[in-house]
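Descriptive analysis of the structure
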Amino acid sequence: MSPHFSLQYLRSGALPTAFCPGCYNGIIINALMKAFRELGVTKLDRYVFVSGIGCSSWIPNPYIRADSVHTLHGRAVAVATGIKLARPDLEVIVIGGDGDLLSIGCNHLIHAARRNMELVVVLVNNLVLGMTRGQASPTTPQGTRTVTTPFGNFEEPMNAVSLLMSTNANYVARWCISNFEQLKESFKEVLSKVTKGLRFIEIVAPCVTYVVRYEGKTPGEKIKELARTCVDKDTYASLSPKERRDLIPVGVFRRENKPGFIDRYREYSTRARG
Ligand SMILES: Cc1ncc(C[n+]2csc(CCOP(=O)(O)OP(=O)(O)O)c2C)c(N)n1
Ligand SMILES: [Mg+2]
């Protein structure tokens, strides 16, 4: 096996990437490609990637050697839903940023999750609007210095996992970029159709240019810090509110197998015809 075995899933000419030096998005591509490899997927012709606009939306397009749609900012989940309804035989994977999926496109995410739509949704939470140069986003932690919050963010951030847990989504997980193995295993789990319906994975991957550098840290130092501060969700639950400060709970928060929208719709139309 070639040491660069995952390159088979990338388009030729895809390297070097457009990402900033040290950007964690490369780690996400790597985990995804290794997941495909370990699942024994040789060609990506049964997969469609959908993304909006943002640095994270560049993860599938143009790098991954599969059909992909780069939609309007915020509309990836809506377009992905349309593709899935037209071609239920394809696995449709949305990859988007915190601005894309939780700000301008949050309504689409909520309703796709409410319907348990048969989609994989990967939220790359880099804590800012990276592509537009580091403005605060709905997930920017309180106190974080950004170009629009030069004295620290005073707003409360939203918690994507809590939001998804209030919906009907079958699979809800969060990993930090320091959890490479767990992230890869999560990708394998959601792509192997062990679970159907809406499968949501949040990846906390702070923007190295507009968050990590502003903290005076290198990408390597930050990833070591995340390895300490991202703790298993059960450990987190056992801690006092004071001990939880600055910690991020990670793990698979929900793993169910309820029928998704398309299954329920088929059953409904059979009943209606009957
Ligand atoms: C309709 C629309 N509104 C605003 C923009 C400008 N815009 C482009 S990318 C972006 C934010 C990207 O942030 P995020 O989704 O978090 O992705 P990141 O770059 O951080 O990965 C914005 C506001 C746009 N392209 N289209
Ligand atoms: Mg972002």
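Located above this text is the structure these notes cover.
First, a word on scope: everything that follows refers to the structure included in this document. (Residues numbered from 1 in each chain as written. Chains lettered and ligands numbered in written order. Predicted model: local features only at pLDDT ≥ 70, side-chain atom pairs only at ≥ 80, totals over all residues. Heavy atoms only, no water.)

Overview of helix 8 (residues 219–229)
Put simply, the rule is: Accessibility here uses a 1.4 Å probe with only protein chains present; expressed as a share of the type maximum, an area under 20% marks a residue as buried, one over 50% as exposed, and anything in between as partly exposed. Where helices and strands are cited, they refer to DSSP runs of H or I of at least four residues and of E of at least two residues respectively, numbered from the N terminus. Along the arc lie the directions from the helix axis toward the C-beta atoms. Contacts were defined at the residue level, with two residues in contact if any of their heavy atoms lie within 4.5 Å.
Burial in helix 8 covers these residues: Lys222, Glu225, Leu226 and Thr229. One side of helix 8 carries all its buried residues, which in axial view fall inside an arc of 100°. Away from its buried face by more than 90 degrees, helix 8 exposes Lys224, Ala227 and Arg228. Looking at the buried positions of helix 8, the neighbouring elements they touch are strand 7 (171–176), helix 7 (208–212), strand 9 (230–232) and strand 10 (248–255).

Describing the layout of surface pockets
The following threshold applies: A 1.4 Å probe that fits into a set of points on a 1 Å grid over the protein atoms alone but cannot get out defines a cavity; an open set with protein on both sides within 12 Å along at least five of seven lines defines a pocket, and lining residues are those with an atom within 4 Å of a point. Grid points are joined across faces, edges and corners, and a volume is the space filled by probe spheres set on the points. Residues are grouped as follows: nonpolar covers Ala, Val, Leu, Ile, Met, Phe, Trp, Tyr, Cys and Pro; charged covers Asp, Glu, Lys and Arg; every other residue, Gly included, is treated as polar.
Taken as a whole, the largest pocket encloses approximately 990 Å³ of empty space. If you go around the largest pocket, you meet 35 residues; those closest to its centre are Pro141, Pro157, Asp246, Leu247 and Ile248. Secondary structure elements with two or more residues in the lining of the largest pocket: helix 5 (160–165), strand 8 (199–204), helix 8 and strand 10. When its residues are assigned to classes, the lining of the largest pocket shows 17 nonpolar, eight polar and ten charged. Of the pockets and cavities examined, the second largest pocket occupies roughly 290 Å³. Around the second largest pocket, the lining is made up of 19 residues, and of these Phe19, Cys20, Cys23, Cys55 and Gly130 lie nearest the centre. Sorting elements by how many residues they give to the lining of the second largest pocket places helix 7 first, with three residues.

Focus on the site of ligand 1
What counts, and what does not: Proximity is defined per residue: if any heavy atom of the residue lies within 4 Å of a molecule or strand, that residue is considered near it. Any pair of N or O atoms that falls within 3.5 Å is considered a polar contact. Within protein, one atom must be able to donate a hydrogen and the other to accept it, and sequence-neighbouring residues count only if both atoms are side-chain atoms. Under the convention used here, a 1.4 Å probe and the Shrake-Rupley method define accessible areas, while residue burial counts only the protein chains that appear.
Taken together, 16 residues sit near ligand 1, with Cys55, Ser56, Asp100, Asn126 and Gly130 positioned nearest. At 2.7 Å from an oxygen atom of ligand 1 is found a main-chain nitrogen or oxygen belonging to Cys55. At a separation of 2.7 Å, an oxygen atom of ligand 1 approaches a polar backbone atom of Gly130. Calculation on ligand 1 without its partners gives an accessible area of 580 Å², and the protein chains cover 72% of this total. When contributions to the shell around ligand 1 are tallied by element, the ones reaching two or more residues are helix 3 (98–104) and strand 5 (128–129).

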